[in-house]
Amino acid sequence: MDEYTLLIAGANTATLLTGGAVAALAYRAFRRTGSAALRAVALGFSFIVAGSVGGAIAHLVSGNVALGVTIQSAFTAGGFAILLYSLYAETSAKRTVTIRQSD
């Protein structure tokens, strides 16, 4: 165990908790609205969280920090690509606003 193990574990835990919360909220919003963009946001953050967990497992099991960082970096890049897509995705949710005219 090197001097960075505790720091890496803390950062991965923070990523898991905060990224997981954002992914869960985005998924709930997708379920409510049916928006493809929100589905992509949930998937992108889930991908980033999965990479953090996968990198941590690789680091702990193999003891190879470089392998863990490589896994985490690849998943982070993929997650950000999905988030970038979400900015351009068509939204399927349509809302109708009715404005009443006062007398």
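These figures come from a predicted structure and were not determined experimentally.

Turning to the overall build of the protein, a few remarks are in order. If you tally the helices and strands in the protein, you get three helices and zero strands. Tracing the protein from N to C terminus, the helices and strands come up as α-α-α. Residue burial in the protein is summarised as follows: out of 103 residues, 27% are buried. Pairs at least 24 residues apart make up 66% of the contacts formed inside the protein by residues separated by at least 6 positions. Here the protein has roughly 7,400 Å² of accessible surface; of this, 65% comes from carbon and sulfur atoms.

Attention now moves to the confidence of the model for the protein. In the predicted model, the protein carries a mean pLDDT of 87, and the fraction of residues at 70 or more is 89%. Mean pLDDT in the protein bottoms out at helix H1 (residues 5-33), which sits at 91, and peaks at helix H3 (residues 65-88), which reaches 93.

Next up on the list: the nonpolar core. Of all hydrophobic cores here, the largest spans five residues; its members are Ala26, Val41, Ala42, Ile48 and Leu83. Among the elements that take part in this core, helix H2 (residues 36-62) stands out by supplying three residues, more than any other. Beyond its immediate stretch of four places on either side in the chain, Ile48 contacts Thr15, Phe75, Thr76, Gly79, Phe80 and Leu83.

Bringing the side chain of Asn12 into the picture now. Within the fold, Asn12 resides in helix H1. The contacts of Asn12, once residues within four sequence positions are left out, are Ser52, Ala56 and Gln72.

Let us look at a nonpolar patch on the surface. On the surface, Leu16, Val53, Ile57, Leu60 and Val61 cluster together into a nonpolar patch covering about 480 Å² of accessible area. Broken down by element, the residue count for the nonpolar patch peaks at four residues, all from H2. Tracing the backbone shows Leu16 in helix H1.

At a minimum axis distance of 8 Å, the contact between H1 and H2 shows a crossing angle of 155°. When the axis of H1 is compared with that of H2, the two are roughly antiparallel. Judged by the sense of rotation from one axis to the other, the crossing of H1 with H2 is left-handed. Per-class residue counts for the contact of H1 with H2 are 16 nonpolar, nine polar and one charged.

Cut-off values and rules
- Residues numbered from 1 in each chain as written.
- Predicted model: local features only at pLDDT ≥ 70, side-chain atom pairs only at ≥ 80, totals over all residues.
- Heavy atoms only, no water.
- Helix = DSSP H or I, 4+ residues; strand = E, 2+ residues; numbered from the N terminus.
- Buried < 20%, exposed > 50% of the residue type's maximum accessible area, 1.4 Å probe, protein only.
- Contact = heavy atoms within 4.5 Å.
- Areas by Shrake-Rupley, 256 points an atom, 1.4 Å probe, with all protein chains shown as cover.
- pLDDT = per-residue confidence, 0-100.
- Core = buried A, V, L, I, M, F, W, Y, C linked by side-chain atoms within 4.5 Å.
- Patch = residues over 30% accessible without salt bridge, like charges linked within 9 Å, V, L, I, M, F, W, Y side chains within 5 Å.
- Salt bridge = Lys/Arg side-chain N within 4 Å of Asp/Glu carboxyl O.
- Axes fitted to C-alpha atoms, helices over the stretch in contact; angles between N-to-C directions.
- Parallel < 35°, antiparallel > 145°, perpendicular 65-115°, else oblique.
- Left-handed = near helix turned anticlockwise from the far one by under 90°.
- Nonpolar A, V, L, I, M, F, W, Y, C, P; charged D, E, K, R; others polar.

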